[in-house]
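# Reading the structure
Residues per chain, in single letters:
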Amino acid sequence: MKKIGFIMVAALLATACQESLEDRCEREAREYTEKHCPTPVGQNIVLDSMTFDKKSHTIQYAYTLSGQIDDSATINKSNPRELLLQEVRNSTNLKLYKEAGYSFTYTYYSAKNKGTQLFKATFRKSDYQ
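This structure is a prediction, so every number in the text was calculated from the model and none was measured.

Once that is clear, we can look at the packing of aromatic side chains. In this structure the tally under the stated criterion is 7 aromatic pairs. Between the aromatic rings of Tyr-63 and Tyr-108, the centroid separation amounts to 4.8 Å while the plane-to-plane angle is 10°, which identifies the pairing as stacked. Of this pair, Tyr-63 sits in strand E3 (residues 58-65) while Tyr-108 sits in strand E4 (residues 103-110), and the two are 45 residues apart along the sequence. By the burial criterion, Tyr-63 is buried, and Tyr-108 matches it.

Turning our attention to the nonpolar core. Counting residues in hydrophobic clusters, the biggest one holds 25 residues, and the most contacted among them are Ile-59, Tyr-61, Phe-104, Tyr-106 and Phe-123. Put simply, the parts of the chain that give this core at least two residues each are helix H2 (21-36), strand E2 (45-53), E3, helix H4 (80-90), E4 and strand E5 (117-123). Those residues in contact with Phe-104 that lie beyond four places of it in its chain are Thr-58, Ile-59, Tyr-61, Val-88, Leu-94, Tyr-97, Lys-98, Ala-121, Thr-122, Phe-123 and Tyr-128.

So, about the pairing of E3. As a general feature of sheets, a regular strand has side chains that alternate between the two faces. Extensive coverage of E3 is indicated by the burial of 7 of its 8 residues. Both E2 and E3 contribute to a ladder of 8 bridges, which runs antiparallel. If you follow Asp-53 over to E3, its bridge partner there is Thr-58. What sits between the antiparallel neighbours E2 and E3 is a turn of 4 residues, in which His-57 has the positive phi angle 55°.

Thresholds, definitions, all that
Residues numbered from 1 in each chain as written. Predicted model: local features only at pLDDT ≥ 70, side-chain atom pairs only at ≥ 80, totals over all residues. Heavy atoms only, no water. Phe/Tyr/Trp six-rings, centres within 6.5 Å; stacked < 30°, edge-to-face > 60°. Helix = DSSP H or I, 4+ residues; strand = E, 2+ residues; numbered from the N terminus. Buried < 20%, exposed > 50% of the residue type's maximum accessible area, 1.4 Å probe, protein only. Core = buried A, V, L, I, M, F, W, Y, C linked by side-chain atoms within 4.5 Å. Contact = heavy atoms within 4.5 Å. Pairing = 2+ DSSP bridges.

Here it is in structure tokens:
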């Protein structure tokens, strides 16, 4: 009986070890979105979803802004691209994906004007290294 249990555990571990980085990233993004989104990440900022595009190797974050920051002019005054780039450069959570050369896209939408994109930035390997 112990031998069968060991074989089953070994088979499960072998399967888990064969998951590609792309598959892992896609799964983790999907699971995070299912378990945690929407989730507030700051005052008037909600993370709606995280997805992964295998074709372009891009991790995509979608946010909704509300209140005083729900305005593209207000957002652009704060130089969000540079702030986000610093976050990507300094993030230890993204280390594995940065080492693989993945891209990161951040898209911010309006709460008061549903579907209206207020700001979008994509960072490629050449940006964050």
